[in-house]
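Summary of structural features
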Amino acid sequence: MNKEPEEAYRGFEQGPIRPPSEAFSLLIRITRNCPWNRCAFCPVYKGSHFSVRPLEHVLKDIEQIARSISLIHLRFGGEVYAIDEMTLNRVLQDTGIDLQAFICAVNWYSAGMRSVFLQDANSLVLPTEKLLSVLNKLTQCFPAVQRITSYARAQTIYKKSLEEMKQLREHGLNRIHIGLESGSDKVLKFMKKGVTKEQHIEAGQKVMNAGIELSEYYMPGLAGKELLEEHAIESADALNKINPTFIRLRTLAIPTNTPLYEEWKSGNFKKCTDEEIVHELLCFIEHLDGISSIIKSDHILNLLPELEGKFPEDKGKMITILNEFIGLPDQEKLIFQVGRRMGLFDNLSERMDVKKRAVVERVIKQYGISNDNIEDIINQFMSRML
Ligand code: SF4
């Protein structure tokens, strides 16, 4: 890893993204951007350089939040929304707390201060000693926090020892999110994920053996039309061997600022339709076996948010949902696809809601949406969602 650059404290910082499940967490930025940054499908940090924030800056951020929480609690009795602007400015000036840190503290206080998320893309890339210092500071300042989570690359965890992972768990890191994306080595290589199926399995098992909750992200559509079945079967096989706490679905979208966009436009990548992705998911769910994972479909890009449940007991229910979509007449599929992308439908049966259906039918008519152009419209919509 590069030597940390010497830099002045720029004030309290937060990175651009967090998992949907961390919506109520305090975000503490310990690195900036992604140290890998080569995945062909990923737009998030393209054009941004990776850097490690100096430890003392991260600790200062945590102290700012701790001091803000004391102020909110002791001086304002938790009634933060009643503070007038003049009082707030004076307090921030007197205490030297950044406005950004104070706002984050207010939001976190209101959400119950139960969880912390370490940003950005791969905090585990830091030496374990440094991570332990951050975790110790967090647990010292906020002893009631129940969950500390981070994103991590499987390749990074593959290089850490089980003992290091256990140490991190003992010091408070109790959930990790890994982008499996695929269990197919062909897909992983084409997408420049920088990790193999075997390394994914070893890293995932290490997290679980350390007693840390694990979310593995599976990306429907990532193999395109040609490797669809291999992607589903190999991914299910990898996940069967890991048995992660959560399997999270996050459907592929292809924004223009990704290398994959060029591959798609030049014909090297054949993007799946919504219906093909549902068939892929059916194959994936059918091949998941012998696990006790919870499946979550908690991303706006997913066509079927209701495709959730606990294995093994909900496997049949999930297969029924997928078969229900596959069995719909074309016009009903179209209505659901459009309504879902408009944010009106969260499950298949909602398309029968008379008022919502009328809105969707009006939009379909007004914009001339049909089974011939729905995929283009969805592509435009999904790349805007990122
Ligand atoms: S490791 Fe994650 S954040 Fe980095 S490029 Fe790949 S998908 Fe994007």
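Anyway, here's the lowdown on the structure attached to this text. Fair warning: this is a prediction, and the values are worked out from it, not measured in the lab. (Residues numbered from 1 in each chain as written. Predicted model: local features only at pLDDT ≥ 70, side-chain atom pairs only at ≥ 80, totals over all residues. Heavy atoms only, no water.)

**Quick notes on the overall build of the protein**
Selection criterion: Only DSSP runs of H or I covering at least 4 residues are called helices, and only runs of E covering at least 2 are called strands; the numbering of each starts at the N terminus. In this treatment the radius of gyration is a C-alpha quantity, and the globule benchmark scales as 2.2 Å times the residue count to the 0.38 power. For this analysis, residues touch if any pair of their heavy atoms sits within 4.5 Å. Using a 1.4 Å probe, accessible areas were evaluated by the Shrake-Rupley method; residue-level cover was limited to the displayed protein chains. A residue counts as positive if it is Lys or Arg and as negative if it is Asp or Glu; His and the chain ends are not included. Charge placement uses NZ in Lys and CZ in Arg. For Asp and Glu, CG and CD serve respectively.
Within the protein, the regular secondary structure consists of 15 helices and 10 strands. Relative to its length of 386 residues, the protein is compact, with a C-alpha radius of gyration of 23 Å against a globular reference of 21 Å. Taken along the three principal axes of its C-alpha coordinates, the protein extends 65 × 50 × 45 Å. For the protein, the proportion of contacts with a sequence separation of at least 24, taken over those separated by at least 6, is 76%. For the protein, the computed accessible surface area is about 17400 Å², with 51% contributed by carbon and sulfur atoms. If the 49 positive side-chain charges of the protein are averaged to one point and the 52 negative ones to another, these points end up 3 Å apart.

**Some thoughts on helix 9 (residues 228-242)**
To keep things clear, this is the line we draw: Here a helix's expected span is defined as the number of its residues, less one, multiplied by 1.5 Å. Categorising residues by exposure relies on relative accessible area from a 1.4 Å probe, with only protein chains included: less than 20% of the type maximum marks a residue as buried, more than 50% marks it as exposed, and the intermediate range marks it as partly exposed. Read the arc as the range of directions from the helix axis to the C-beta atoms.
Look at helix 9: 21 Å from first C-alpha to last across 15 residues, which is about the 21 Å you get at 1.5 Å a residue. Looking only at helix 9, the buried set comprises Leu228, His231, Ala232, Ser235, Ala236, Ala238, Leu239 and Ile242. Down the axis of helix 9, the buried set is contained in an arc of 165°. They therefore lie on one face. Of the surrounding elements, those touching the buried residues of helix 9 are strand 6 (173-181), helix 7 (185-190), helix 8 (197-209), strand 7 (213-218), strand 8 (246-249) and helix 11 (274-287). Positive backbone phi, at 50°, marks Asn243, one or two positions downstream of helix 9.

**Overview of the nonpolar core**
What counts here: Buried Ala, Val, Leu, Ile, Met, Phe, Trp, Tyr and Cys residues that are joined via side-chain atoms within 4.5 Å together make up what is termed a nonpolar core.
Core analysis: the largest hydrophobic core is formed by 99 residues, its most contacted members being Ile28, Ile65, Leu118, Phe142, Ile176, Phe284 and Leu288. Ignoring any residue separated from it by four or fewer positions in sequence, one finds Ile176 in contact with Leu124, Ser150, Ala152, Ile157, Met165, Val207, Ile212, Glu213, Leu214 and Ser215. In terms of nonpolar packing, the next biggest core, distinct from the first, is built from 17 residues, Phe41, Ala121, Met219 and Ala223 among them.

**Structural notes on the pattern of salt bridges**
Which entries qualify depends on this criterion: One speaks of a salt bridge when a side-chain nitrogen belonging to Lys or Arg is within 4 Å of a carboxyl oxygen belonging to Asp or Glu.
Under the counting rule described, the total for this entry stands at 26 salt bridges. Here Lys270 ties to Glu226 by a salt bridge, and the two come within 3.7 Å at their closest N and O atoms. Of this pair, Lys270 sits in the loop between helix 10 (259-265) and helix 11 while Glu226 sits in the loop between strand 7 and helix 9; the two residues are 44 residues apart in sequence, bridging distant segments of the chain. Taking relative accessible area as the criterion, Glu226 reaches 61% and is therefore assigned exposed.

**Some thoughts on the site of the ligand**
Rules: Here a residue is considered near a molecule or strand provided that any single heavy atom belonging to it is located within 4 Å of it. We place a 1 Å grid over just the protein atoms. Points where a 1.4 Å probe fits but has no way out form a cavity, open points with protein on both sides within 12 Å along at least 5 of 7 lines form a pocket, and any residue with an atom within 4 Å of a point lines it. A cavity or pocket is said to hold a molecule if more than half of that molecule's atoms lie within 2 Å of its grid points. Each residue is assigned to one class: nonpolar for Ala, Val, Leu, Ile, Met, Phe, Trp, Tyr, Cys and Pro, charged for Asp, Glu, Lys and Arg, and polar for all the others, Gly among them.
By nearness alone, every residue bordering the ligand is listed as Cys34, Asn37, Arg38, Cys39, Phe41, Cys42, Tyr45, Ala121, Arg153 and Lys193. A majority-of-atoms criterion places the ligand in the largest pocket. Here the shell around the ligand is built from residues that sort into 6 nonpolar, 1 polar and 3 charged.

**Things to note about helix 1 (residues 55-75)**
Counted at 1.5 Å a residue, the expected span for helix 1 with its 21 residues is 30 Å, and the 29 Å between its end C-alpha atoms agrees. Within the sequence span of helix 1, burial applies to His57, Val58, Asp61, Ile62, Gln64, Ile65, Ala66, Ser68, Ile69, Leu71 and Ile72. Where helix 1 is buried, its residues contact strand 1 (26-29), helix 2 (85-95), helix 3 (99-110) and helix 4 (128-141). Residue Gly77 follows helix 1 closely and has a positive phi angle near 60°.

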